[in-house]
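For reference, the chains in residue letters:
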Amino acid sequence: MASYLNVLLVTANVGSLFDNLGEIERDWLREFYKTVHRHQPRFIALHCQEVGGKDYELNMDHVEMFFRNILFSEEMKDFDRACVYVDKDFKIKNNFTALGSMYFIHKSLKQIYHYDFKVKEFKAVSGRNIHLGSLDSAATLEKERFSKNFWPDVGFKWSRKGYMRTRWIIHNRGFDLVNVHLFHDASNIVACRTSPSVYSGNREKAFRYIINRLSDNRYTPLPFFMFGDFNFRLDTRSLVQALCSSAEIKTVKKGTNNEEEKMIYKEKDSDHKLVLRIEKKVFEYQHQAAFREENGKAFLKYDKEIDRYNDVVGEEEIQFPPSYPYSEDYSQPTQFMNTRCPAWCDRVLLSHSARHIIHRGEEGESGVIYDTLGSNVCMGDHKPVFMFFGLKTNGH
């Protein structure tokens, strides 16, 4: 009978934690620890994006404190080994990704090794290994910030997006873990113009670049789990057409270029009630609660961006509401902000080969849990997403 080991993978865009210091962090940590306690994993991978938040230059001192607090907390005391990688050297502009990855190994787990990319060999994990800064000297990590040439013809601001990879062997089972942060939609107006949007094309270039790096001939390809903030958005143009099929539209333009500034949709009846208002950073839908009904199931048909990658990755069935953009108001933990169309930005994806190393449970059992953290608690503008499963091992 095949043996397996419980694994917890978590992805969390933590920008809000640092932009609202102290207000959200306590509950965020409590929800994380509750999830660890509930599932009792033997190996945990926590992938964070936007460490330091928007004002990372001011908040970076707190970043180190945040990660150390988790590492040395009472709740994590049974994890006697750890590897921490936090890209916090924002002064190296061309290299800074604001990514942070933490890996925890339970005291009961004996056979675990991580890969040294410089000498190309696996080494046993011992103690707590903390890497802070630019991470150039961290031999057990591969990190890249995406190049400017991913969008040479479109005038978008180059942002601190990129990926990190670590490589592991647990009980003779090898795999890669990849922390990802892809480009966002800069303008709701632009996102509405085409289907698919120009932004999804930019994300695809970066996504395919990572896939190529994972499968090139520098290292032996292994099954992989990619989890992070992919910034996948709903097909906004198709969605708006469906939501406003019986509404009339008014477009407000500005400037010498006559650029669209606002798109206002109102009911055609005598009341002319507002249905939807779209601006660059406004997506104000009057029936926002629909995105929470049945966990947003009705909107999954517009979640098309993931389909571009069916040739290389899969995903567990989504049965939770969109992970972004939630209110940062402590009293409104389930309310979406009127800034962007709600979407499943935060995901756990896996290579097709990785599907074969997941224990699915006995008949009648699910075996895999794919869900959000803190569904009824203010966790910032992103709800963290986790996947808990049994990793098939090759003996003890």
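What you see is a predicted model; the values in this text were computed from it and never measured.

Draft legend 1. Local environment of the overall build of the protein. Looking only at helices and strands, the protein features seven helices and 20 strands. Computed over its C-alpha atoms, the radius of gyration of the protein comes to 21 Å, within 12% of the 21 Å expected for a compact globule of 396 residues. Across its three principal directions, the C-alpha atoms of the protein cover 70 × 50 × 40 Å. For the protein, with 396 residues in total, the buried portion stands at 57%. For the protein, the share of sequence-separated contacts (at least 6 apart) that also reach a separation of at least 24 residues comes to 71%. Here the protein displays about 17,300 Å² of accessible surface, and carbon together with sulfur accounts for 46% of that area. In the protein, which carries 56 positive and 54 negative side-chain charges, the distance between the mean positions of the two groups comes to 3 Å.

Draft legend 2. Region of the structure containing the pairing of strand β11 (residues 224-229). Burial within β11 is extensive, with six of its six residues counted as buried. The pairing of strand β10 (residues 173-181) with β11 spans six bridges and is classified as parallel. When the sheet's bridge partners are listed, Asp 176 is paired in β11 with Phe 224. Where β11 meets strand β17 (residues 346-351), five bridges bridge the pair, whose relative direction is antiparallel. Bridge pairing in β17 places Gly 228 opposite Arg 347.

Draft legend 3. A look at the layout of surface pockets. Each pocket or cavity is described by its volume, and for the second largest pocket that value is around 210 Å³. Lining the second largest pocket are 13 residues, with Val 36, His 37, Gln 40, Glu 75 and Asp 78 sitting closest to its centre. Across the lining of the second largest pocket, the residue classes break down as five nonpolar, three polar and five charged.

Draft legend 4. Looking closely at helix α3 (residues 56-71). Counted at 1.5 Å a residue, the expected span for α3 with its 16 residues is 22 Å, and the 21 Å between its end C-alpha atoms agrees. At His 62, α3 is deflected by roughly 35°, the largest bend along its length. Taken together, the buried residues of α3 touch α1 (15-19), α2 (25-39), β2 (43-49), β3 (81-87), β4 (100-105) and β7 (128-133).

Draft legend 5. Spotlight on the packing of aromatic side chains. Taken as a whole and assessed by the stated rule, the structure comprises 30 aromatic pairs. Here the aromatic rings of Phe 18 and Phe 66 are separated by 5.5 Å at their centres, their planes lie at 80°, and the arrangement is edge-to-face. Here Phe 18 is found in helix α1, whereas its partner Phe 66 is found in helix α3, with 48 residues between them in sequence. Each of the two residues, Phe 18 as well as Phe 66, counts as buried. Aromatic ring contacts, followed pair by pair, group Phe 43, Tyr 85, Tyr 103, Trp 168, Phe 175, Phe 225 and Phe 389 into a single cluster. One cation-aromatic arrangement involves Arg 167 over Tyr 115; the distance from NZ or CZ to the ring centre is 5.6 Å. In this structure, Lys 383 packs its charged tip against the face of Tyr 326, placed 4.8 Å from the ring centre.

Cut-offs and rules
- Residues numbered from 1 in each chain as written.
- Predicted model: local features only at pLDDT ≥ 70, side-chain atom pairs only at ≥ 80, totals over all residues.
- Heavy atoms only, no water.
- Helix = DSSP H or I, 4+ residues; strand = E, 2+ residues; numbered from the N terminus.
- Rg over C-alpha atoms; globule rule 2.2 N^0.38 Å.
- Buried < 20%, exposed > 50% of the residue type's maximum accessible area, 1.4 Å probe, protein only.
- Contact = heavy atoms within 4.5 Å.
- Areas by Shrake-Rupley, 256 points an atom, 1.4 Å probe, with all protein chains shown as cover.
- Lys, Arg positive; Asp, Glu negative; His and termini not counted.
- Charge placed at Lys NZ, Arg CZ, Asp CG, Glu CD.
- Pairing = 2+ DSSP bridges.
- 1 Å grid on protein atoms, 1.4 Å probe; cavity = no way out; pocket = protein on both sides within 12 Å on 5 of 7 lines; lining within 4 Å.
- Points joined across faces, edges and corners; volume = space filled by probe spheres on them.
- Nonpolar A, V, L, I, M, F, W, Y, C, P; charged D, E, K, R; others polar.
- Expected span 1.5 Å × (residues − 1).
- Bend = angle between axes of the 7 residues up to and from the residue.
- Phe/Tyr/Trp six-rings, centres within 6.5 Å; stacked < 30°, edge-to-face > 60°.
- Lys NZ or Arg CZ within 6 Å of the ring centre and 35° of its normal.

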